[in-house]
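# Structural features, examined
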Amino acid sequence: MLKLENVTVRFGGLVALKDVSFRMGPGEILGLVGPNGAGKTTLFNAISGLVRPRGGRILFEEQDIGRLPLHQRARRGLGRTFQIPQPMHQLTVRENLVVAQVFGAGRADAARLDEILEVMDLKSQADRDAASGLALQELKRLEVAKALATNPKLLLLDEVLAGLESQAKRHFMLKLKELQARFKIGIVIVEHDIETISNLCSRAVVLNFGQVIADGTPSEVFRNPAVVESYTGTAHA
Ligand SMILES: Nc1ncnc2c1ncn2[C@@H]1O[C@H](COP(=O)(O)OP(=O)(O)OP(=O)(O)O)[C@@H](O)[C@H]1O
């Protein structure tokens, strides 16, 4: 479904991603892991079209999408969330979803929006202004709902679980599994918590200083000495 070949991104003299390669199959939930500044958000930006790589190829469903603008990638089925939820605060929850749907899917579809509101537990907030009264958890659910409204085949989720207390986090994780099964989508999730990745993901890719240092099942990668070192500064933690 998604294949990256030697993707390299530079910001002036800084190499944010260097020869990043991995692939993922349809319906997989892949964890993208790595210390602060490792390049995780930059990788999402490169895949979704916000930054242009200096080199390498990004293939989505066998097509090279590396030169397509953002909206064309969305139309092909790439949905994403942002680390800091960015709803349009002057619009209601439902209106936010309509805007996302028209951007990503090309037309409004009220029935699908109702389904998304239901799945994401946002029905009772649907006609509430996005700026007023939405708690962090609800804003995060809205962020995922917006991405779902674009009709994605692949969802890129940037730290949607961060900052939630443990019960809310467990509930959100179950939601993500439900979304994957119900909408038949693949998910790449950036997440720092090892236990969360281990429970949620079938595979994890670890970045450090812009390079892939491990790729495998969560139990494989979290036993890898290079990964332990990148997390703790010591290979024997
Ligand atoms: N627009 C930009 N211009 C210059 N440097 C940037 C830009 N975006 C990111 N960087 C740099 O690229 C590197 C990778 O940053 P990125 O935000 O992708 O890391 P990250 O793994 O997502 O980190 P975090 O876990 O803190 O969100 C960092 O050194 C960062 O300072």
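The rules behind the values
- Residues numbered from 1 in each chain as written.
- Predicted model: local features only at pLDDT ≥ 70, side-chain atom pairs only at ≥ 80, totals over all residues.
- Helix = DSSP H or I, 4+ residues; strand = E, 2+ residues; numbered from the N terminus.
- Contact = placed C-beta atoms within 7 Å.
- Near = placed C-beta within 6 Å.
- Nonpolar A, V, L, I, M, F, W, Y, C, P; charged D, E, K, R; others polar.
- Axes fitted to C-alpha atoms, helices over the stretch in contact; angles between N-to-C directions.
- Left-handed = near helix turned anticlockwise from the far one by under 90°.

Per an unreviewed UniProt entry, the recorded name for the protein chain is ABC transporter ATP-binding protein, and the organism is Microvirga arabica.

### What to know about the environment of R10
Topologically, R10 is positioned in strand β1 (residues 2–11). Separated by 104 residues in the primary sequence, R10 and D114 have C-alpha atoms spaced 41 Å apart. Residues in contact with R10, not counting those within four places in the same chain, are V15, A16 and R54.

### Section: the site of the ligand
In the vicinity of the ligand, the contacting residues are F11, L14, A16, G34, N36, G37, A38, G39, K40, T41 and T42. With three residues, the top contributor of residues to the shell around the ligand is helix α1 (residues 40–48). When its residues are assigned to classes, the shell around the ligand shows four nonpolar, six polar and one charged.

### With respect to the packing of helix α3 (residues 93–105) against helix α5 (residues 136–149)
Two elements in contact, α3 and α5, have axes separated by 7 Å at closest approach and are oriented at 35 degrees. Crossing geometry of α3 relative to α5 is assigned as right-handed. Residues V93, N96, L97, A100, Q101 and G104 of α3 form the contact with α5, whose participating residues are L142, A145, K146 and A149. Classifying every residue of the contact of α3 with α5 gives six nonpolar, three polar and one charged.

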